[in-house]
Amino acid sequence: MSMRALIRGLTAATAAAGAVALGLTAPTAQAATPLPYVAMGDSYSAGSGILPLDPTASLLCARSTADYPHVIASRTGDRLTDVTCGGAETKDFAGSQYPGVAPQLDALGDSTRLVTMTIGGNDNNTFIDALLACGSAGVVTVGNGAPCKALYGNSFDRTIDNSTYPAVRSALRAVRAKAPNARVAILGYPWIVPAKADPSCFLKMPIASGDVPYVRDIQTHLNAAVERAAHDTGATFVDMSGVSEGHDACAPVGTRWIEPVLFGSNYVPVHPNALGERAMASQTLKVLGGS
């Protein structure tokens, strides 16, 4: 997942967001007065890979009108400013990610009352490096053993601790400084792979059986770092780990929230589908108490 590299490097296919059954129910709370709500973050926030695209966004951001911020705003009635952008890193909060794309922090102000985001997965190419490394190793061993773990050990965890965690913490502090009156919520990333290897999934997610729990542990470590950064800065952490169990990229169509590398329905693989974005919205509203 940079998700930037993934978006650029993988072959585009026809997205089928409209064909996904969207049967989730969630708390709904129509605000008496629409509140200023700013959505920030990366492609998991932007719904990259889901059609239709947001015509107000740069095409490079691959932002969808079905992303979880739009779902939240439709349920609460809050006034949404969506600056999410596929491939975003924490540095893109304060700097321009692409030509013509303003720093995401520019959308915030004293009047902002709610901020949501997913961020951190692209920093240091954590997701893309792990997935590409483990996918390549899995192909070489035809799905056997744990070649990626043998090659990389705890290097991804060290990077998360030494670089990603402090970067997310700094980004959250910058958000607080720009929007002192807002409630800030940062989401963990939904599960990409199951807890145990599923041999039937290898053709969709070519990761060796012994590396499936290894990749899962990397994601666990990343989510824990995001949660710690939220705690340090007074932000609300929206834990997706429990609710996304069983909805990973190896699950069947209609159950999975994340599309696999191969044979998926979104044109950006290893990202949430429309069902996943709605689930992220539902969990966020649940944690925020319907705010």
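Check the entry above for the structure.
Computed from a prediction, not measured in an experiment: that's the story for all the values here.

1. Some thoughts on the state of the cysteines
Tallied over the entire structure, the rule returns three disulfides. Each sulfur of the disulfide joining C134 and C148 lies 2.1 Å from the other. On the sign convention where negative is left-handed, the bridge of C134 and C148, at about -70° about the S-S bond, is left-handed. With C134 in helix α5 (residues 126-140) and C148 in helix α6 (residues 147-152), this pair connects stretches of sequence that are 14 residues apart. Of the two residues, C134 and C148, neither departs from the other in class, the shared state being buried. The connectivity of the disulfide bonds within the chain can be written as 1-2, 3-4, 5-6, using the sequence rank of each bonded cysteine.

2. Focus on empty space enclosed by the protein
Left-over empty space is what a probe sized like a water molecule reveals as it rolls over the atoms. By volume, the largest cavity is sized at about 50 Å³. Listed by contribution, the elements that provide at least two residues to the lining of the largest cavity are α5 and α8 (212-233). Across the lining of the largest cavity, the residue classes break down as six nonpolar, one polar and no charged.

3. A short note on α8
For the α-helix, the turn length of 3.6 residues means that residues three or four positions removed from each other point alike. With 22 residues, α8 ought to run about 32 Å at 1.5 Å a step, and its terminal C-alpha atoms sit 32 Å apart, in line with that. Backbone geometry just after α8 places G234 at a positive phi near 80°.

4. Regarding unusual backbone geometry
Residue P52 follows L51 across a cis peptide bond; omega there is 5°. As for its placement among the helices and strands, P52 is situated in the loop between α2 (43-46) and α3 (68-76). Look at A62: it is not a glycine, yet its phi comes out positive at around 50°. If you trace the backbone, A62 turns up in the loop between α2 and α3. Phi at V270 is positive, roughly 55°, even though this residue is not glycine. Mapped onto the secondary structure, V270 falls in the loop between β5 (236-238) and α9 (274-288).

5. Re the pairing of strand β1 (residues 36-39)
Taking every second residue as pointing to the same face, both faces of β1 are buried, with P36 and V38 on one and Y37 and A39 on the other. Bridge count for β1 against strand β2 (residues 79-82) is four bridges, and the pairing is parallel. By the bridge assignment for β2, A39 is matched with D82. Pairing geometry for β1 and strand β3 (residues 114-117), over three bridges, is parallel. Bridge pairing links A39 to T116 in β3.

Scoring rules and cut-offs
Residues numbered from 1 in each chain as written. Predicted model: local features only at pLDDT ≥ 70, side-chain atom pairs only at ≥ 80, totals over all residues. Heavy atoms only, no water. Disulfide = S-S within 2.5 Å. Helix = DSSP H or I, 4+ residues; strand = E, 2+ residues; numbered from the N terminus. Buried < 20%, exposed > 50% of the residue type's maximum accessible area, 1.4 Å probe, protein only. 1 Å grid on protein atoms, 1.4 Å probe; cavity = no way out; pocket = protein on both sides within 12 Å on 5 of 7 lines; lining within 4 Å. Points joined across faces, edges and corners; volume = space filled by probe spheres on them. Nonpolar A, V, L, I, M, F, W, Y, C, P; charged D, E, K, R; others polar. Expected span 1.5 Å × (residues − 1). Pairing = 2+ DSSP bridges.

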